[in-house]
Amino acid sequence: MKNKRTVLYCLTILLTGVIYFAVQALQKNGTHRAGFSGEWKSKESIAMGGNIVCCYNSGDRMLAKTMKIAEQVNFLAVEVSSSFPGTAPVTSQEKMAFDGKASEIDNGPGRGKKFTVKLSADGQTMTVNSIVYKMVPTPYHVDVQEQMLVYVTEVWKLSNDGKSISVQTNAKSNLFGGERSWKTVFDKTS
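Asks: Quick question: what am I supposed to make of the pattern of salt bridges here?
Replies: Side chains bearing opposite charge may pair, as long as their charged atoms lie close to each other. According to the stated counting rule, one finds 4 salt bridges in the structure shown. The closest approach of N and O atoms between Asp60 and Lys113, which form a salt bridge, is 3.3 Å. Residue Asp60 is located in the loop between α2 (46–49) and β2 (66–71), and its partner Lys113 is located in strand β6 (residues 112–119); the two are separated by 53 residues in the primary sequence. Each of the two residues, Asp60 as well as Lys113, counts as buried.

Put into structure tokens, the structure is as follows:
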């Protein structure tokens with residue numbers, strides 16, 4: 001009788017363990033989500049869709065048609081190679097930290113951008129707010145320079161299957177009237 005109890009007790013513990021691990025495995029599979037990591041390609045760059053390409057430098061993420069993204073816990077590392085037509089491509093890497101603190105890229109005297117990045121709670125949407133700045137000639141006075149500011153908001157949405165990223169972009173300049181809005185879609189290549 002004592003052996004039967006011992007066997008029954010061991011079987012109960014074993015069965016409980018099997019059920020526990022099966023439930024844990026199902027929960028992990030159920031919460032699996034697609035991420036931004038991978039190589040991505042688009043027919044045109046983010047900047048070209050809004051025809052604001054003049055605001056960026058070669059090597060800027062906004063000019064790239066391809067991106068290689070490595071997603072980390074608190075940031076994305078985005079590697080791109082981009083250039084203006086007729087110029088050699090420039091490779092660069094941009095760290096997009098999710099902490100909401102401003103990052104800055106200095107492209108030389110009077111040129112660059114400041115940006116902040118926020119990731120949604122579900123990790124599927126990212127918002128990038130940038131201020132791109134550069135010195136430009138004043139109309140009718142090419143010897144006089146003034147600072148042009150372009151305010152850009154990008155909303156990156158990862159598709160449910162993780163095979164594409166749509167980037168909805170809005171831009172407005174302090175020198176040119178009106179706001180531009182456009183969408184760019186990147187498809188996952190690997």
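So much for the structure itself; the text now carries on.
Asks: Looking at this structure, how should I read the pairing of β2?
Replies: When a strand is regular, its side chains alternate between the sheet's two faces. Judged from the 4 bridges that link them, strand β1 (residues 38–41) and β2 form a sheet pairing that is antiparallel. Along β2, the bridge assignment pairs Lys41 with Thr66. Here β2 hands over to strand β3 (residues 75–82) after 3 residues, the two strands then running antiparallel side by side.

Asks: Can you help me understand the packing of aromatic side chains in this one?
Replies: Two descriptors summarise a pair of aromatic rings, namely the distance from one centre to the other and the angle between the planes of the rings. One pass over the structure, following the stated rule, counts 1 aromatic pair. In this arrangement the basic side chain of Lys113 is found over the ring face of Phe115, its NZ or CZ atom lying 5.8 Å from the centre.

Asks: I would appreciate a short explanation of the sheet that holds strand β7 (residues 125–138) in the present structure.
Replies: In a beta sheet, neighbouring strands are held together by backbone hydrogen bonds and run either parallel or antiparallel to one another. The antiparallel open sheet is built from 10 strands, whose spatial order is β4-β3-β2-β1-β10-β9-β8-β7-β6-β5. This sheet does not close on itself; its edge strands, each paired only once, are β4 (90–97) and β5 (103–106). Neighbour-to-neighbour, the strand axes of the sheet open up by a mean angle of 25°, direction not taken into account. As paired strands, β3 and β4 are joined by 8 bridges and run antiparallel to one another. From the neighbouring strand, Val80 faces β4, where its bridge partner is Ser92.

Asks: Mind showing me how you'd approach the layout of surface pockets here?
Replies: A probe as big as a water molecule, rolled over the atoms, marks out the empty space that is left. Looking at the largest pocket, its volume works out to about 200 Å³. Along its surface, the largest pocket is lined by 12 residues, and Ser45, Met48, Leu63, Lys65 and Ser83 are the ones closest to its centre. Of the residues in the lining of the largest pocket, the class split is 6 nonpolar, 5 polar and 1 charged.

Asks: What's the story with the environment of Asp122 in this structure? I'm lost.
Replies: Its place among the elements puts Asp122 in the loop between β6 and β7. Residue classification places Asp122 among the partly exposed residues on the basis of a relative accessible area of 46%. At a separation of 2.5 Å, a polar atom in the side chain of Asp122 contacts the side chain of Ser120.

Calculation criteria
- Residues numbered from 1 in each chain as written.
- Predicted model: local features only at pLDDT ≥ 70, side-chain atom pairs only at ≥ 80, totals over all residues.
- Heavy atoms only, no water.
- Salt bridge = Lys/Arg side-chain N within 4 Å of Asp/Glu carboxyl O.
- Helix = DSSP H or I, 4+ residues; strand = E, 2+ residues; numbered from the N terminus.
- Buried < 20%, exposed > 50% of the residue type's maximum accessible area, 1.4 Å probe, protein only.
- Pairing = 2+ DSSP bridges.
- Phe/Tyr/Trp six-rings, centres within 6.5 Å; stacked < 30°, edge-to-face > 60°.
- Lys NZ or Arg CZ within 6 Å of the ring centre and 35° of its normal.
- Axes fitted to C-alpha atoms, helices over the stretch in contact; angles between N-to-C directions.
- 1 Å grid on protein atoms, 1.4 Å probe; cavity = no way out; pocket = protein on both sides within 12 Å on 5 of 7 lines; lining within 4 Å.
- Points joined across faces, edges and corners; volume = space filled by probe spheres on them.
- Nonpolar A, V, L, I, M, F, W, Y, C, P; charged D, E, K, R; others polar.
- Polar contact = N/O pair within 3.5 Å; in protein donor to acceptor, adjacent residues only side chain to side chain.

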